[in-house]
Amino acid sequence: MKKAPSHARRGLFTFWTGMPLWKQIFIALTLGLVLGVVLNQTGNADLAASIKPVGDLFIRGIKMLIVPLIFVSLVTGVASLQDLSTMGRLSAKTFALYLGTTAAAISIGLALATIFKPGVGIDLGAAKAVTAKDAPTVTDTILGLVPTNPIEAFATGNVLQIIVFAILFGVAIVLAGDLAKPVKTFFESAAEVMYKLTSIIISFAPYGVFALMTWVAGTYGFDLLAPLAKVIAMVYLGCAVHALVVYAGMIKFISGLNPVRYFQGSIEPVMVGFTSTSSSGTLPVTMMSAERNLGVSRRVSSFVLPLGATINMDGTALYQGVCVVFIAQAYGLDLNTSQYLTIVLTATLASIGTAGVPGAGLIMLSLVLASVGLPLEGVAIIAGIDRILDMARTALNVAGDSAVACVVARSEGELDQAVYDTAHVLRADELLANPGVPEEAGLAAPARTSA
Ligand code: ASP
């Protein structure tokens, strides 16, 4: 067989590496989907599953970044504040937006499932007994925010405890003034190093996404999905409606920004979230894309995004809304108004308590079912197709974090409009490029502050 001329191969290689990252990921996702479906339909699901370790390798790579990345960037962000009251304002806005969008998401899920009735006519014979998860008390939750040993928080990857320690550490740097200068410079430099490392790992996203997509499409055949197709459709439709109405609306009407750019700029983390089904795992991608594609300052992104990946789960809340109504319908039970309100409240809290890892939302679903006295066995039906639902809800979870980061950054004068307005600056070859000798003091500018 004749080999392709080397310049043609080189041309193809440069064409691929020079392509915007989102296009690479999109092509990988589509190819993985097609290959997975073909393997599934030809009885080669095992072959599709054998490619999964490549995806796992990528996910391990991004997970490796989470703890050091959050810590150094949040310390740097807080330490760069001139005035500590900024922190309080930032937190208030972030929490309000996270809670508001989550409540809207459940309402959309409840409304869609009530209108389209996905559970009517479903046979629940196969349901197995499930036990409900106990909800932690409010006191335990608050106490649990403060680490008794920060090293343990790092070692176990407890993001909320790391956030609390990082904020306090950053505040102490501000208060210590000149004496803390070497520590501050060290963290600024460490943040740059972590961002470079993040770039390197993220440039492998297309290969990881391809492997994970092939595995999912190869494992879940149409036969498994068909009986629950309506629930799947409701969750996917709900996620699309929420993104198009709530996020685009916030970006346009609260921030006065172009929503199309928001969707373009957050597409990389959305696709990585979709295939990895972990919003915590996707965090480094979300942070990098918020900064580089959407112009969110590091100060805002390093606070808003890790918090969002831990507590803001609009997709999970929406999914819980759909599933609760679905299960009630499948059992032939009617929900009254006070039960709907209870669902909004418990699903908001349950989604806050859901970890940003694969399948966590399904476990928390039992809590929401228990709050309105529905049979927990319903969870077992959903379990069979949960990965497919998890993909959509994680994509929405990640999109929600990016949207709130843009809105908060804009209102704080910390969004670089020129970057926001430029389409897709993240490119695989640039991520890997050496920036050369940086200006001044060996550091690239850590945060953008122009409005
Ligand atoms: N997998 C979701 C996430 O990481 C959580 C869930 O299962 O709902 O955001």
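Let me sum up the structure you'll find in this document. Here, residues in each chain are numbered from 1, in the same order as that chain's written sequence. Residue-level local features of this predicted model are given only where pLDDT is at least 70; pairs of side-chain atoms are given and counted only at 80 or more, and the full residue set underlies all totals for whole chains, interfaces and linings. Note: side-chain values were computed over all heavy atoms of the structure, leaving out hydrogens and water.

## A few points about the overall build of the protein chain
Stated formally: Only DSSP runs of H or I with at least four residues qualify as helices, and only runs of E with at least two residues qualify as strands; both kinds are numbered from the N terminus onward. Burial classes: relative accessible area under 20% of the type maximum marks a residue as buried, over 50% as exposed, and values in between as partly exposed (1.4 Å probe, protein chains only). By the convention used here, residues are in contact when the closest approach between their heavy atoms is within 4.5 Å. Method for areas: the Shrake-Rupley scheme with a 1.4 Å probe, in which residue coverage is limited to the protein chains shown.
Within the protein chain, the regular secondary structure consists of 23 helices and zero strands. Scored against the burial criterion, the 451 residues of the protein chain give a buried share of 52%. A separation threshold of at least 6 residues defines the contact pool for the protein chain, and within that pool the share at least 24 residues apart is 87%. In the structure as shown, the protein chain presents an accessible area of about 19600 Å², 68% of it carried by carbon and sulfur atoms.

## Focus on the packing of aromatic side chains
Between two aromatic rings, the relevant description is the distance of the centres plus the angle of the planes. Using the following cut-off: For Phe, Tyr and Trp, where Trp contributes only its six-membered ring, two rings pair if their centres lie within 6.5 Å, and the inter-plane angle classes them as stacked under 30 degrees, edge-to-face over 60, or tilted in between.
Evaluated as defined, the whole model comprises 10 aromatic pairs. Ring centres of F165 and F169 lie 5.8 Å apart, and the angle between their planes is 50°; this geometry places the pair in the tilted category. Note that F165 and F169 are positioned in helix 8 (residues 159-176) at a spacing of four residues, about one turn of the helix. On the basis of an interplanar angle of 55° and a centroid distance of 4.9 Å, the ring pair of Y262 and F263 is categorised as tilted.

## Observations regarding helix 15 (residues 279-292)
What counts is decided by this rule: In this analysis, the expected span of each helix is defined as 1.5 Å times one less than the number of residues it contains. The angle between axes fitted to the seven-residue stretch ending at a residue and the seven-residue stretch beginning at it gives the bend at that residue. Side-chain atoms alone can form a polar contact between residues adjacent in sequence; in general such a contact is a pair of N or O atoms within 3.5 Å, and within protein one must be able to donate a hydrogen while the other accepts it.
For helix 15, built from 14 residues, the straight-helix expectation of 20 Å at 1.5 Å per residue is met to within 8% by its first-to-last C-alpha distance of 19 Å. Largest kink in helix 15: about 35°, centred on V285. With a side-chain oxygen positioned 2.9 Å from the backbone nitrogen of G281, the residue opening helix 15 is S278.

## Here we look at the site of the ligand
Definition in use: For this purpose, a residue is taken to be near a molecule or strand whenever a single non-hydrogen atom of the residue falls within 4 Å of it. Gly is placed with the polar residues, together with every amino acid not listed as nonpolar (Ala, Val, Leu, Ile, Met, Phe, Trp, Tyr, Cys and Pro) or charged (Asp, Glu, Lys and Arg).
Within the structure, the ligand sits among 17 residues, and S279, T316, G361, D390 and R393 are positioned closest to it. T316 is positioned such that a nitrogen or oxygen atom in its side chain is 2.6 Å from an oxygen atom of the ligand. R393 is positioned such that a nitrogen or oxygen atom in its side chain is 2.6 Å from an oxygen atom of the ligand. When the ligand sits alone it has 270 Å² of accessible area, and the protein chains cover 100% of it. Mapped onto the shell around the ligand, the elements with two or more residues apiece are helix 19 (360-371) and helix 21 (386-411). Residues that form the shell around the ligand fall into these classes: five nonpolar, 10 polar and two charged.

## Section: the packing of helix 9 (residues 181-202) against helix 15
Under the convention used in this document: To get an axis, fit a line to the C-alpha atoms, keeping to the stretch in contact for a helix; angles then go from 0 to 180 degrees between the N-to-C directions. In these notes the angle categories are as follows: under 35 degrees is roughly parallel, over 145 is roughly antiparallel, 65 to 115 is roughly perpendicular, and the rest is oblique.
The interhelical angle for the contact between helix 9 and helix 15, taken along N-to-C directions, is 110°, at an axis separation of 10 Å. Between helix 9 and helix 15, the interaxial angle falls into the category roughly perpendicular. Residues Y195, T198, S199 and I202 of helix 9 pack against P284, V285, M287, M288, E291 and R292 of helix 15. Taken together, the residues of the contact of helix 9 with helix 15 break down into six nonpolar, two polar and two charged.

## Observations regarding a nonpolar patch on the surface
Worth spelling out the cut-off: Patch members must show over 30% relative accessible area and no salt bridge, and they are joined within 9 Å when carrying like charges or within 5 Å when they are nonpolar side chains of Val, Leu, Ile, Met, Phe, Trp or Tyr. The salt bridge definition used is simple: a Lys or Arg side-chain nitrogen within 4 Å of an Asp or Glu carboxyl oxygen.
A cluster of nonpolar side chains, namely I115, F116, L237, V241, L244, V245 and F263, defines an oily patch on the protein surface of about 620 Å² accessible area. Of all elements in the fold, only helix 5 (85-116) and helix 12 (229-254) reach the threshold of two or more residues within the nonpolar patch. A per-element tally of the nonpolar patch places helix 12 first, with four residues.

## Quick look at the pattern of salt bridges
Applying the stated criterion across every chain yields a total of eight salt bridges. Among the ionic pairs, R298 bridges to E291, the shortest N-O distance being 2.9 Å. Taken as a pair, R298 and E291 share a single burial class, namely buried. Across the pair R299 and E414 runs a salt bridge, and its minimum N-O distance is 3.0 Å. Here E414 lies in the loop between helix 21 and helix 22 (417-421) and R299 lies in helix 16 (residues 298-311), a separation of 115 residues in the sequence. The class of R299 is buried, set by a relative accessible area of 14%. Judged by relative accessible area, which is 7%, E414 ranks as buried. Taken together, the salt bridges that share partners define one network made up of R89, K93 and E412.

## Regarding helix 14 (residues 267-276)
The buried fraction of helix 14 amounts to seven of the 10 residues, a majority that puts the element mostly inside the structure. When we look at burial in helix 14, the residues that qualify are E268, P269, M271, V272, G273, T275 and S276. Here the buried face of helix 14 lies against helix 2 (21-41), helix 4 (52-79), helix 10 (205-219), helix 13 (259-265), helix 15 and helix 21. Following helix 14 by one or two positions, T277 has its phi on the positive side, about 50°.

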